[in-house]
Amino acid sequence: MSIEKVKNLIIGSGPAGYTAAIYASRADLKPILYTGMEPGGQLTTTTDVDNFPGYPKGIDGPKMMLELKEQAERFGTDVRIGEVTKVNLSDNKNSYHEVLINNETKIYAKTIIISTGASAKYLGIESEQRLIGGGVSACAVCDGFFYKGQEVAIVGGGDTAAEEATYLSNICSKVTMLVRRDLMRASKAMQHRVNSKSNIFVKYNSEVVEVIGENVVEGIKVINNKTKKIEIIDITGFFVAIGHKPNTSIFKGQLEMDETGYILTSGKTTKTNKPGVFASGDVQDKDYRQAVTAAGTGCMAALDAERYLASIEY
Ligand code: NDP
């Protein structure tokens, strides 16, 4: 097993991780960044990013992530493909945190920036999983465009589902919104937006039991969980908006998290409950979840790490 000692280790390669890397490498922390299993993170599943400042014509998500990587490398970040498989975070400022990569490389890090992001949740039924990329999507803003003028459905009753249903209603001819309870969790303002759209049809007490189609989505089979009535709805696009899950399982029991697994940070900083361990991006933010906010907290994490190292006179 190879063993290395580093000042700064960054875990994750979305906008938070790469921005942390740009700042950390410019501050001479000589960061090593491990990309995880989805190099570039969630933005690599996006086509046009139109809301990141500085790109007046928008930018393709994967291209933006490659440019962020290049920018981090320009200042000396050592970007490596690999996944963290185990961590042993220390409570002692004088010792190192231990991180295992792919069960074969051990890194002793004085500071760690966790930017492992979050992943969209899916229903988990077989037909849905099979048709991901064939009409099933967890990102209306990324993929809605492909269903221009067509009939689609979206599952979920939270703010994301309401926001995405509204977004889709401007592109698609008809949007069926499937809510599993007899009410939506979304804020009243968001519900109002949904209800004001003449081409959104909300079905309450409705659960999807099957996504129909061999290679592409042709429809969904929906059951009303009160009446038990089954209905087939013809659609070409099926969007899932039932929340996100932070990628924090390897840190469970070591870092303080909220009840849904998001890492808790202290006040306006990126500090976690372990000295020298910082969290940035979606892994610690369930409210904003934007590339630009993730990048902002990545910058904060690098500055926090730099100040921490200065304070322990490393
Ligand atoms: P939420 O957890 O708030 O909502 C998830 C929704 O999906 C709920 O309606 C839930 O139903 C439903 N759901 C969960 N699992 C299933 C399932 N297996 N089958 C069917 N339905 C299911 O997640 P969101 O992503 O909507 O929001 C996350 C956070 O981001 C929230 O704090 C939200 O306020 C915030 N946000 C704010 C926005 C804004 O203000 N513009 C925009 C988007 C998000 P049930 O209610 O029955 O549990």
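A brief look at the structure comes next. Nothing here was measured: the structure is a model prediction, and the numbers come from that model. (Residues numbered from 1 in each chain as written. Predicted model: local features only at pLDDT ≥ 70, side-chain atom pairs only at ≥ 80, totals over all residues. Heavy atoms only, no water.)

### Re the site of the ligand
In the neighbourhood of the ligand, 16 residues make up the surrounding shell, with Asp159, Thr160, Arg180, Arg181 and Arg185 lying closest. Between the ligand and Arg181, the relevant distance is 2.7 Å, taken from an oxygen atom to a side-chain nitrogen or oxygen of the residue. Starting from 920 Å² of accessible surface for the ligand in isolation, the protein chains cover 71%. Counting residues per element, the shell around the ligand draws most heavily on helix H5 (residues 159-169), which supplies 3 residues. Per-class residue counts for the shell around the ligand are 3 nonpolar, 5 polar and 8 charged. Domain assignment of the residues forming the shell around the ligand places at least three in each of domain 1 (2-119 + 244-311) and domain 2 (122-240). (Near = heavy atom within 4 Å. Polar contact = N/O pair within 3.5 Å; in protein donor to acceptor, adjacent residues only side chain to side chain. Areas by Shrake-Rupley, 256 points an atom, 1.4 Å probe, with all protein chains shown as cover. Helix = DSSP H or I, 4+ residues; strand = E, 2+ residues; numbered from the N terminus. Nonpolar A, V, L, I, M, F, W, Y, C, P; charged D, E, K, R; others polar. Domains from an automatic or database assignment.)

### Let's talk about helix H2 (residues 61-74)
The first and last C-alpha atoms of H2 sit 20 Å apart over 14 residues, in line with the 20 Å expected at 1.5 Å per residue. Here H2 has its buried residues at Gly61, Met64, Met65, Leu68 and Ala72. Across the axial projection of H2, the buried residues extend over an arc of 100 degrees, all falling on one side. Turned more than 90 degrees from where H2 packs its buried face, Leu66, Glu70 and Arg74 sit exposed. Remark: Gly76 follows H2 within two positions and exhibits a positive phi of approximately 105 degrees. (Expected span 1.5 Å × (residues − 1). Buried < 20%, exposed > 50% of the residue type's maximum accessible area, 1.4 Å probe, protein only. Arc of directions from axis to C-beta.)

### Quick look at a positive patch on the surface
Together, Lys121, Arg180, Arg181, Arg185, Lys245 and Lys252 make up a region of like positive charge exposed at the surface. Within the element layout of this structure, Arg181 appears in the loop between strand S12 (174-178) and helix H6 (188-195). (Patch = residues over 30% accessible without salt bridge, like charges linked within 9 Å, V, L, I, M, F, W, Y side chains within 5 Å. Salt bridge = Lys/Arg side-chain N within 4 Å of Asp/Glu carboxyl O. Lys, Arg positive; Asp, Glu negative; His and termini not counted. Charge placed at Lys NZ, Arg CZ, Asp CG, Glu CD.)

### Description of the pattern of salt bridges
Side chains bearing opposite charge may pair, as long as their charged atoms lie close to each other. Overall, the coordinates contain 12 salt bridges when judged by the stated rule. Of the charged contacts, one joins Asp91 and Lys274 as a salt bridge, the two residues approaching to 2.9 Å between their closest N and O atoms. Taken together, the residues span a long stretch of sequence, with Asp91 in the loop between strand S6 (84-88) and strand S7 (97-101) and Lys274 in the loop between strand S18 (244-246) and strand S19 (277-279) at a distance of 183 residues. Given a relative accessible area of 10%, Lys274 falls into the buried group. Each of Glu4, Asp78 and Arg80 takes part in one network of salt bridges that share partners.

### Some points on the sheet that holds strand S10 (residues 136-137)
One key point about sheets: their strands pair by backbone hydrogen bonds, in either a parallel or an antiparallel sense. One open sheet holds the 5 strands; their spatial order is S10-S17-S11-S12-S13, and the pairing between them is parallel. Of all the strands in the sheet, the pair left with one neighbour each is S10 and strand S13 (200-203). For strand S11 (residues 151-155) and S12, the ladder comprises 5 bridges, and the chain directions are parallel. Bridging across to S12, Ala153 finds its partner in Thr176. (Pairing = 2+ DSSP bridges.)

### So, the packing of aromatic side chains
The description of two aromatic rings rests on the distance between their centres and on the angle between their planes. Under the definition given, this model contains 4 aromatic pairs. With 6.2 Å between their ring centres and 55 degrees between their planes, Phe52 and Tyr55 make a pair best called tilted. Pairing Phe278 with Tyr308 gives two aromatic rings, centres 6.1 Å apart and planes at 70 degrees, and the pair type is edge-to-face. With Phe278 in strand S19 and Tyr308 in helix H7 (residues 291-311), this pair connects stretches of sequence that are 30 residues apart. Taken individually, Phe278 and Tyr308 each receive the classification buried, so the pair is uniform in this respect. Above the face of the Tyr96 ring, Lys110 is positioned so that its terminal group lies 4.6 Å from the ring centre. The ring of Phe201 is capped by Lys174, whose NZ or CZ atom sits 5.2 Å from the centre of that ring. (Phe/Tyr/Trp six-rings, centres within 6.5 Å; stacked < 30°, edge-to-face > 60°. Lys NZ or Arg CZ within 6 Å of the ring centre and 35° of its normal.)

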